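Observations on the three-dimensional arrangement
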Amino acid sequence: MSEVVYEETATMIAAGELQSFVPFGREHCKNHPNAFNLQLRELQPASELWSSDGAAGLVGSLQEVSLQERERECWQLRKGCTGVKEEDVEFEEELYTAGNMVVWSKGSRGQASSVYKAFTVDSTVQQALWCNFAVPHNNNTVEDFEHTVCIVQSSCVNVHTVTGKDFISPLPFQVSNVWAAEFGLLLERKNTTNETQLSSPGEPLPTVFSMLHPLDEIAPVVCKPSGLFEGSCVQYVSDSTMKIVFTCCQPSIVVSYDTVQGTHSVWGLRKVTHDERSKVLRCPTEPVGTPLGVMTSSFLTSNLRNMSRLDSPGGSGATGLGPGTGTSCAAGSPLHYSVLHSHQNRTMTSSPGIHSRVHSPSISNMAALSRAHSPGMAAPTFSGAARFNASFHSPSPKGHHCLLPSPNRSVNETMLMPEMEPIIPDLCMEQLWSEAITSGCHREMSSQASKVFLTSDLCENRYLCFLVESHQQLRCVKFIESNETSQLIFPSVTSIPAKDAEPLQNIDAMLVLEASGSLVLYTGITRVSKVFVPGLLSSSFSLTNHLPHFSIPVENVSTPANTGSRYIQILNEDVMPSPVSESRSSNIKHHDASFLEDYTFQQATPYIHALRDPVCNRVTLELSSGMMLRISVPEVATSDLVRKCLQAFRFILPKEAAMKVLVKWYSIYNAPGGPSGHAEWNLFVTCFLTLMGYNTERLAWTRHLHFEVPLSPVIAAKKARHSDGGSDEDWDYLLASHYHRQMSSQPVFGSVEPSGTNKVITTHTKHLAASSNPSLKLDSSALLFPHIPALFYVLHLLYQELQLDELHRARASSLVCLLQQLARDLQLEEYVDLYWRDYPSLMSCFSESCIIDQALIGQMQRPSFLTSEPPCVFSWLSRCLRGEENPPFPYLPGICQSTRLLVLSYALYIIGDENATSTGVSKYLVKVSAGQRSHVSEPPIRRQSSVKGKFSSKRVAEQLVVWLTSEGFTLKDLECVPFGVALPIREAIYRCREQPCSDWSEEVCLLIGRQDLTKQAHKTTLAKSKASVGSGLSLKPPATTEADDEEDGMSDIIQEVTGLIWSQDLRVQEVRRLLQSSRPVRVSVVQLPEVSDHEYIEEKENKLLQLCQRTMALPVGRGLFTLFSYQPVPTEPLPLPKLNLTGRAPPRNTTVDLNSGNIDVPPNMTSWPSFHNGVAAGLKIAPASQVDSAWIAYNKPKSPEMANEYAGFLMALGLNGHLTKLATLNIHDYLTKGHEMTSIGLLLGVSSAKLGTMDMSITRLLSIHIPALLPPTSTELDVPHNVQVAAVIGIGLVYQETGHRHNAEVLLSEIGRPPGPEMEYCTDRESYSLAAGLALGMVCLGHGSNLIGMTDLNVPEQLYQYMVGGHRRAQAGASRERHKSPSYQIKEGDTINVDVTCPGATLALAMIYLKTNNRSIADWLKPPDTWFLLDFIKPEFLLLRTLARCIIMWDEILPNTEWVKSNIPQIMRGNFDPSEDINMEAMVQAQHYITAGACLALGLRFAGSANSDAFDCLYEFAMSFMKIMYCSGAGAVQTGYYNLQTCLSMILLAMSMVMSGTGNLKVLRLCRFHHKRTDGEMNYGFHMAHHMALGLLFLGGGRYTLSTSNSAIAALLCALYPHFPAHSTDNRYHLQALRHLAVLAAEPRLLVPVDVDSLKPCYALLEVTYKGTKWYDETTVELMAPTMLPELHLLKQVKVKGPRYWELSIDLSKETHHLKSILSRDGVLYVKLRAGQLPYKDDPQGWKSLLATTVNHRNSGVRAFKPEAISTFTSEPALISFAEFFCKTSEGTKRREDALVLFSVMLYECVIQECPEMMPTYIAIEQAVGALCRDDLQETFPLWQLRLVVDMWESRMLRGPANRHDTLLTSEFLPVMKNAVDVALDGWLRDKSSVLRSYMRGEIVSKDAHSIMLACFLVYRSIPCLKNTHTQLEGCNSFGDLLSQSRQLSIPLRDLLRLAPVLLGSACGSQMLLGFPLAEFPS
């Protein structure tokens, strides 16, 4: 074993704050009402006991709880994190276990602990742990993790997830230990003592099992030991000597201990591969030769299951199977238990109640249940009792295990026993490393590790450490993760003497308790220093040294002294009083006490004897006195800058050197009484320079670095820490500081020097000019001396990185002092010059340099990447903007992130290289790597011209934004980027903001500042944000009071939206008035003089009865009107409006009632209306609501008279999809009641919810109610006729569009079902036949002639026969038996009764051939063309035939009257010869019905389209029918009132289908007109039709409309069947319940723009583009939203148009999914108002907008702009407050007028340009220019930024005016600012050109204001370091020479012009100065 690396220094570090530690759970348990819970539990019904395991009775549990039990406690701590990225709150989580309680609490240093969850279970908790289970998604490979707490009891594991699911997994065996692994839980089976003797000669039983999810089966784990040969065998983990001591998730490993060999092994844990699985399961493909083979082939079959009840406490195994019973064959199988030892080993008290788990749910298929089901029902078992009881041995005393099957069985028979399918293993342990077996005598064998943990050192080496207490050593195994696979390599082992140890995660170290009792800090295996714990003596005389080694056989003592392993035997722990030894017997305790008294340490100080619970850098010390203290070990560095420097060192130095540096720094920094926070950097500089060989005492600027502690090269005497309070000297020190003198000379508004400097420069003005001082030599033996150049370079790159972050830039000035010293000493002139340019005033204070011997320079390793020209990131970006070529920029991976991000952003966006971020990175960035010695220079990149050719900047901008987001760049990060650097990124963002893609992620939308898109991407429904949209300006109807509001059931329409759609009138209130059925009606009958009072009362009641026909029909319409408008509260029942059938007679308002007995009222009159009322109430529930089985049952009414309403409510829940959640149990309950309505509602509801799914369970449910689907011999069930009808339709719905052959065949024959002998099927046959026809149509919907596999059925021919009549065919197959004898009532003969079968057959044909345009079928449906044939057909059937024919020829339907009339046959259209005997009545009726049929087809074709042609055409026909009805007498007589009214109702329904959801006024008027007519002929059915029309017109309160998909047309045909009931109990022709199926055709297509700032709906202009079709070309229409969109498959794109709102387009040609999801979420489309614009509501014409005002006024927009009015134009809070505080004059701030004007201009720019985020940039530019003009700049940073802004602006101007619209900074603001800078710098140059000359000659620049201006000039003019080039430039005589010379210096031309006068001498200078500057700047 390699020895420990010792760092020989007598250092010591101080630990942080000390707190006494008491587990929080202990306190909480004292107050926890424990026994009380148990009493409560006693009162619960048995079914609820499933939720917890074990004892039912209180007695059973109380026996268990003895005092000793209560005290056995353990706890574990872990780091918790909130998951919020920005502010990760660090806190600790504790899981505390005592008795039968588990307490999970959270708390941090900053806040007190609080209980997060507490669990109480029924038996003692063996163990509690955190575990993450993976939950795979159905489609993709991504797994979610379910965070859980697992509580292990003796017989089961309770799993509680954070999301609130609870699972219980019964344990099939007793468990000794449970471990959390990466994939789930690992369980170790408890080994029973005599198992070894009893185990069969075959293989032993598995000992380790895995559970991947609480609902999965527990499966054995297989292992792959590292064998000598390659194919080492895969086997079950069945070695009982192997104990797991540790598991870990990252990396996924398991550490085990072999109790025989005494060695530890490391295993990788992973999922099993397919081969291993099949190898282990011993597939039966192997030849089975011997009987033994037979047995092993049944390996893992029934026998694993036997491990069940035998030794789990639940069943005592005495199932009484005799010796010969059961498959006792597989004795040799490894998975076999014997009852025998289960008897011997089980003490009977091991569980509270042995037989208490009789109720254990053993649903064997539980694991197969979907994981999505509610887990509360039952727990999965290990496969149920059946598997477990499959085979038991006879309890024979000797326990002999015969290899052969028991004598009365032959091998063959055994083979035939039904095998259970084997349990498939999930996980495999692969051996990665094992300890070498210790040679020598046996007793030296190391004992089991008591602690195992992972740790890493400061250089990122990782170690697996385990503490072997018998040897008092910590063994550290280094491991490396290999590249190609996820294998781990373990190269070396090191031992550290230790009594205890714990890792400290976030400081990469571990704390070791040595045998002497002192605490030592190690990082990896490097010893750092001792840890001084204030207030604790380190016991140099540890008690252990004197104590004899007792070996008391303590059973595994579970101490909480550690989290890593559960069972510990601390050496000699028995002799020390420990807080956790309660579970020992008292005599040992007594012994301990007496033993200690013999010693003389009565006053022995407490010392540390164990460590536990490490979290981050905190750990608990356990003292010998039983107290626990929590200490924190200090961090490596608190200052960000120091941390970054250390990171850079670690990156560049060799590992050994880096380790030494870090250890040295750590011990200096954390010495007891060390520096307080702000001196950290100074301490770092000193420490670092010392390590490089500097004598910091002699160097002037470091000598005065201010510490509270004097420092020698190592460390001076320890000195107590100063109080941080401060004293007078501090103040004097501040006043004397260089910083103070600098600041006092500056005006307040100057740019403030970063606060970093006052700590660093404390040199006084009298300078040590002794640069030749010999003592300034470097010590070449210092540790870091050879690495100085490399370290200098990485620090320089770090300095460049800091420059790119506004928040860190202040620290750069601290770093620059260190850098300039190193640069001077390494004689890197250009670097010194660069630092001087950046901080001229700071740098001129330094002049010393140290001498490095030339001889020693060779010792330094000059890395190849250290170039003479310093990398400067700003000049790189500036060159990039000017379009010049650039070498790749160096960066440190992982450290210089901003550099990398910004360089690549420029490469992508400015250079326009689309591969910059993917394949072309190397062109722009070069990684600095530690090993680099020879630098291959890259070929120069060819110059890219600034005027780009073909790349589209828009696309690059989009690419940049998406890339930045993927790098995790946010707006917060953008604010930290200096304003000049950030400008291109801001421009790219600005461009993308104009026209973003609709499919960008939420993060991208956030970055480009489109809150509307962000909100849209963030999926919220109106349901969730009901508060935001539902509240606000809700336009409640004015007339009603709150009390009435609730009752009518229509108060949930979102008023805000309807108020916007119909803003001009109160039509919604009118609809509510028409549809309300909960208030008494007004019965006004005038009493004529001759009418007696009694007759008058009768008259009133008759009148009321007529009115009630209308009231009873209203709910059907109300259901459509309030469709999906309500989110129910789970704790309240659904409000049901009453159906009020009373009246009030006017003058005295007396009540009129139908129940007075004066007139005859039909029986059951209200049963169907109340059903409809229930449906209407249920349809309000939106599909997105939270509805579960319990709530549905909770709504069940108490009184039986409400049963019909509830039946309707169930049907409605099916229609909105919630009935799928109803448990099968409940469905069965409802159906067994035998209530006809409930059955109808339930069957229709369930089938609608399972539309088109072919669900088998529902099919069974329906078949019971359809005799034809039952086998012919089955018992005749007495199913009510209406229920049969509902079930038949149900089959149609469940099998919709599937073309299922068997069902089609049955339904086809059911259309013509003959009446049965005993009055069966004799009444209401029409509705059954119709239902069968509709169902057949639905099953084969739209299949047309390609009905696969049904050609032999001749479906169309059979249907045609049903339609026109003819001989009945012989019944085939099963149904023949049923129809043997004819009916005794109805004589039909052997012909088909067309009156019964025609409607169903006609509609079936229509639906099968829907939209197929099949002309031959359509011709069958033509109306007859001779008078003779016309007499044979009912006019009503003509309507159906016309309708059927038209919807088959779907594409020929045209929205005009000519088309409608073309359906009437020729013979009816011409002039009639009076001589012919024509039945005029028949002819007129036929005409009217055909017209109505064509109109209905037109309505279906244009349903929901609001097509104006179709509407006008239908309206025309409606008016002509009205005229016939109410004006001309003769026509009405001829047709008959009933027929006319039917036709008119159908046309009205057709109109409302076309205008569905639009609330059209003309249709509303017609509906209202019919609503008022309650006279004689107007029956219940007509009212139902008219109010359905009204409901469709306002479908879902205007949010829904109708679809024209096939399934929608089918639903509408069922719902609008043109024969309405004559009275409220009439179901003869059509089942009333089917009227509600219209809901299935509704789809949400209302788009509601919602303002993202106010969250209120608003108006917005949409541009909708239709795809071209054969009827019209691609067209674009403008709609004002909120509006109904057309059907999405017709659209190409939908776009929100400007200028009011930000544009947003949704492209539907790619996919409609995005828009569909918006529409289904209440159609909320978030829009964002542009700045300077007002919403349409406030400013309909757009005359008040900010831009409009500039046009109207004569003076310019800026002057007309008043900052006060800003709030009306923008919602940006930053702009509003800026206007308030900076753009108004107030007494407090005496600002100059021009400043206010300037600020107002900036504000105006930001608002107009729509980029409020540019405000800080404008202000920064103004500040920089102001400071330059006032001459009070201290650093040149602002000029660098101005330079970049100017470069950016010029590159944009060069592109020409075409591209200017999408660039930022287009106004005159920038030229003005630029001019100001030019004037200032030119003025300085004119006066002080000598300063520039002397700089160029390399003379030292005097330290005054000139040096600052000079630096500004050099930076702004991009003049390179000229010190060495000055001679060649000075010699130039003419401007031409100068040009040619300066080519290689790459000075921009216009900047060279400024230099020319200085360079060419002043002779010709004056006129040049005059000549050029004016013409130089391209305007």
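This section reports on the structure supplied with the text.

Cut-off values and rules
Residues numbered from 1 in each chain as written. Predicted model: local features only at pLDDT ≥ 70, side-chain atom pairs only at ≥ 80, totals over all residues. Heavy atoms only, no water. Helix = DSSP H or I, 4+ residues; strand = E, 2+ residues; numbered from the N terminus. Buried < 20%, exposed > 50% of the residue type's maximum accessible area, 1.4 Å probe, protein only. Contact = heavy atoms within 4.5 Å. Areas by Shrake-Rupley, 256 points an atom, 1.4 Å probe, with all protein chains shown as cover. Pairing = 2+ DSSP bridges. Axes fitted to C-alpha atoms, helices over the stretch in contact; angles between N-to-C directions. Salt bridge = Lys/Arg side-chain N within 4 Å of Asp/Glu carboxyl O. Phe/Tyr/Trp six-rings, centres within 6.5 Å; stacked < 30°, edge-to-face > 60°. Expected span 1.5 Å × (residues − 1). Polar contact = N/O pair within 3.5 Å; in protein donor to acceptor, adjacent residues only side chain to side chain. Parallel < 35°, antiparallel > 145°, perpendicular 65-115°, else oblique. Left-handed = near helix turned anticlockwise from the far one by under 90°. Nonpolar A, V, L, I, M, F, W, Y, C, P; charged D, E, K, R; others polar. Core = buried A, V, L, I, M, F, W, Y, C linked by side-chain atoms within 4.5 Å. Patch = residues over 30% accessible without salt bridge, like charges linked within 9 Å, V, L, I, M, F, W, Y side chains within 5 Å.

Here we take up the overall build of the chain. From N to C terminus, the chain includes 76 helices and 46 strands. Buried positions account for 56% of the 1979 residues belonging to the chain. Once local pairs closer than 6 in sequence are excluded, the contacts in the chain between residues at least 24 apart make up 71%. Summed over all atoms, the accessible surface of the chain reaches about 83,400 Å², with 55% contributed by carbon and sulfur.

Within strand 9 (residues 156-161), six of the six residues are buried, leaving the element largely enclosed by the surrounding structure. Both faces of strand 9 are covered, namely the face carrying Cys-156, Asn-158 and His-160 and the face carrying Val-157, Val-159 and Thr-161. Both strand 8 (residues 143-152) and strand 9 contribute to a ladder of five bridges, which runs antiparallel. The partner of Ile-151 across the bridge, within strand 9, is Asn-158. What sits between strand 8 and strand 9 in their antiparallel hairpin is a turn of three residues. As paired strands, strand 9 and strand 10 (residues 166-170) are joined by five bridges and run antiparallel to one another. By the bridge assignment for strand 10, Val-159 is matched with Phe-167. Hairpin geometry of strand 9 and strand 10 is characterised by an intervening segment of four residues between the two adjacent antiparallel strands and by a positive phi of about 105 degrees at Gly-164.

Read across the sheet, three strands follow the order 43-40-46 without closing on themselves; strand pairing throughout is mixed. Two strands in the sheet have a free side with no partner beyond their single neighbour: strand 43 (1683-1684) and strand 46 (1724-1727). Note that strand 40 (residues 1646-1651) and strand 43 share two bridges and pair antiparallel. Across the sheet, residue Leu-1647 finds its bridge partner in strand 43, namely Thr-1683. Those strands touched by helix 63 (residues 1713-1720) are strand 40 and strand 46, and its axis lies near 80 degrees from that of strand 40.

On to the pattern of salt bridges, then. Two side chains bearing opposite charge may form a pair once their charged atoms approach each other closely. For the structure on display, the rule yields 57 salt bridges. Salt-bridge contacts for Glu-460 lead to Arg-650; the nearest nitrogen and oxygen are separated by 3.4 Å. One end of the pair, Glu-460, is in the loop between strand 21 (451-456) and strand 22 (462-468); the other, Arg-650, is in helix 14 (residues 640-652), with 190 residues separating them in the sequence. Between Arg-462 and Glu-481 there is a salt bridge, with the nearest N and O atoms lying 2.9 Å from each other. Remark: Glu-481 occurs in strand 23 (residues 473-481) and Arg-462 occurs in strand 22; sequence separation between them is 19 residues. Accessibility expressed as a relative area gives 29% for Arg-462, which makes it partly exposed. For Glu-481, a relative accessible area of 43% corresponds to the partly exposed category. One network of salt bridges, with partners in common, ties together Lys-224, Arg-270, Glu-276 and Glu-430.

Here we take up the pairing of strand 21. With five of six residues buried, strand 21 is to be regarded as a mostly interior element. Where strand 21 and strand 22 come together, six bridges link them in antiparallel fashion. Along strand 22, the bridge assignment pairs Ser-456 with Arg-462. Counting the residues in the hairpin turn of strand 21 and strand 22 gives five residues, including Glu-460, whose phi is positive at 65 degrees.

On to the packing of aromatic side chains, then. One pair of aromatic rings is described through two measures. These are the centre distance and the angle between the planes. Taken as a whole, this structure holds 39 aromatic pairs when the rule is applied. Ring centres of Trp-665 and Tyr-669 lie 5.0 Å apart, and the angle between their planes is 10 degrees; this geometry places the pair in the stacked category. On the criterion of helical spacing, the pair formed by Trp-665 and Tyr-669 is a turn pair, its members being four residues apart in helix 15 (residues 655-669). The two residues Trp-665 and Tyr-669 agree in class, both being buried. With a centroid separation of 5.9 Å and an interplanar angle of 40 degrees, the aromatic rings of Trp-1884 and Phe-1913 are classed as tilted. Remark: Phe-1913 occurs in helix 72 (residues 1905-1916) and Trp-1884 occurs in helix 70 (residues 1869-1887); sequence separation between them is 29 residues.

Attention now goes to helix 50 (residues 1394-1408). The end-to-end C-alpha distance of helix 50 is 20 Å, a good match for the 21 Å that 15 residues give at a rise of 1.5 Å each. Of all the 15 residues making up helix 50, 13 are buried; the element is thus mostly covered by neighbouring parts of the structure. Between the side-chain oxygen of the N-cap and the backbone nitrogen of Asp-1395 there are 3.2 Å, and the N-cap of helix 50 in question is Asn-1393.

We now examine helix 57 (residues 1508-1526). Helix length check: helix 57 (19 residues) gives 26 Å between terminal C-alpha atoms against 27 Å at 1.5 Å per residue, within 8%. Two to three positions downstream of the cap, the backbone nitrogen of Asp-1509 sits 2.9 Å from a side-chain oxygen, assigning the N-cap of helix 57 to Asn-1507.

Helix-helix packing: each pair is described by the crossing angle between the helix axes and the interaxial distance. Between helix 50 and helix 53 (residues 1435-1448), the least distance of the axes is 8 Å, while the angle of their chain directions is 15 degrees. Classified by the angle their axes make, helix 50 and helix 53 are roughly parallel. Handedness of the helix 50/helix 53 crossing: left-handed. Residue-level contacts link Val-1394, Asp-1395, Cys-1398, Pro-1399, Thr-1402, Leu-1403, Leu-1405 and Ala-1406 of helix 50 to Phe-1437, Leu-1440, Arg-1441, Leu-1443, Ala-1444, Ile-1447 and Ile-1448 of helix 53. Partitioning the contact of helix 50 with helix 53 into residue classes produces 12 nonpolar, one polar and two charged.

Another aspect to go through is the nonpolar core. One finds Leu-511, Leu-519, Leu-521, Trp-665, Phe-792 and Leu-815 to be the most contacted residues of the largest nonpolar core, which totals 235 residues. It is helix 21 (residues 788-803) that provides the largest number of residues to this core, a total of 11 residues. Residues contacting Leu-521, with those up to four places away along its chain left out, are Ile-13, Leu-504, Ala-509, Met-510, Leu-511, Thr-526, Arg-527, Val-528, Ser-529, Val-531, Val-633 and Tyr-666.

On the surface, Phe-1428, Leu-1429 and Phe-1432 cluster together into a nonpolar patch covering about 370 Å² of accessible area. You can see Phe-1432 is positioned in the loop between helix 52 (1427-1430) and helix 53.

Glancing now at the sheet that holds strand 10. Taken together, the four strands give an open sheet; going across it, the order is 7-8-9-10, and neighbouring strands pair in antiparallel fashion. A strand with exactly one partner marks an edge of an open sheet, and here the two such strands are strand 7 (127-136) and strand 10. Ignoring strand direction, the axes of neighbouring strands in this sheet form an average angle of 30 degrees.

Closest axis-to-axis distance for the helix 70/helix 71 (residues 1889-1896) pair is 5 Å, and the angle between their directions is 80 degrees. What the angle tells us is that helix 70 and helix 71 run roughly perpendicular. Residues Trp-1884, Leu-1885, Arg-1886 and Asp-1887 of helix 70 touch helix 71, and the partners they reach there are Ser-1889, Val-1891 and Leu-1892. Its residues assigned to classes, the contact of helix 70 with helix 71 comprises four nonpolar, one polar and two charged.

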